[in-house]
Amino acid sequence: MYWIIAKYALTAAVVVLVSEVAKRSDKLGGLVAALPMITILSLIWLYVERQSAEKIANHAWYTFWYVVPTLPMFLAFPALLSRIGFWPTLLACVVITIVCFAVFALLVRRFGIELL
């Protein structure tokens, strides 16, 4: 039980760190947020919990492919924020990401990469 509490605490600390850095500097906050800290922590947790090398490698592989269709959201968010407000922008970005993911999954399927 202590292990899962430690995992939650450390993972939450990363999120708090990103938001605190972003308050002080837009550029540094963006850089820290762009670092794959959660993925690295996930890989560490999988390794420490003695998951197979194949399982850990698959996690990294699929993380790469799942990140790609999220990228348009980061362009849409600043473009929409001043026009329609925070919550509608966030919702629109979720929809954009879902659509991009569906289209991307169909596209990469042609190359033998199954994301769904």
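It should be emphasised that the depicted structure is a prediction, and the values quoted were computed from it without experimental measurement. (Residues numbered from 1 in each chain as written. Predicted model: local features only at pLDDT ≥ 70, side-chain atom pairs only at ≥ 80, totals over all residues. Heavy atoms only, no water.)

## Focus: the overall build of the protein
This is how the line gets drawn: Numbering goes from the N terminus for both helices and strands, where a helix is a DSSP run of H or I of at least four residues and a strand is a run of E of at least two. Radius of gyration here uses only the C-alpha atoms, and the compact-globule reference equals 2.2 Å multiplied by the residue count raised to the power 0.38. Residue burial is assigned from relative accessible area. The probe radius is 1.4 Å, only protein chains are included, and a residue is buried under 20% of its type maximum, exposed over 50%, and partly exposed in between. By the convention used here, residues are in contact when the closest approach between their heavy atoms is within 4.5 Å.
Within the protein one finds 6 helices and 0 strands. Along the protein, helices and strands appear, N-terminal first, in the series α-α-α-α-α-α. Taking 116 residues into account, the globule formula puts the C-alpha radius of gyration at 13 Å, and the protein, at 17 Å, lies well above it. Oriented by its inertia axes, the alpha-carbon framework of the protein measures out at about 50 × 45 × 25 Å. Looking at the protein as a whole, 21% of its 116 residues are labelled buried. Considering only intrachain contacts with a sequence separation of at least 6, the fraction spanning at least 24 residues in the protein is 47%.

## What to know about the pattern of salt bridges
Stated formally: The working definition used for a salt bridge is a side-chain nitrogen of Lys or Arg within 4 Å of a carboxyl oxygen of Asp or Glu.
For the structure shown, the criterion picks out 4 salt bridges. Here E49 and K7 are joined by a salt bridge, their closest N and O atoms 2.6 Å apart. Of this pair, E49 sits in the loop between α3 (37-48) and α4 (53-67) while K7 sits in helix α1 (residues 2-24), placing them 42 residues apart in sequence. For E49, a relative accessible area of 31% gives the class partly exposed. Since its relative accessible area comes to 18%, K7 is described here as buried.

## Quick word on the packing of aromatic side chains
Any aromatic ring pair is given by two values, namely how distant the centres are and how the planes are angled relative to each other. Applied cut-off: What counts as a ring pair is set by centres within 6.5 Å for rings of Phe, Tyr and Trp (its six-membered ring), and what kind of pair is set by the plane angle: stacked under 30 degrees, edge-to-face over 60, tilted for all other angles.
Inspection of every chain in the model, using the stated rule, returns 8 aromatic pairs. When the centroid spacing of 5.3 Å and the interplanar angle of 85° are considered together, the rings of W3 and W45 count as edge-to-face. Of this pair, W3 sits in helix α1 while W45 sits in helix α3, and the two are 42 residues apart along the sequence. With relative accessibility at 38%, the residue W3 sits in the partly exposed group. Between Y62 and Y66, the aromatic rings sit 6.1 Å apart at their centres with planes inclined by 25°, giving stacked as the arrangement. Highlighted residues: Y62 and Y66, both in helix α4, separated by 4 residues, approximately one helical turn.

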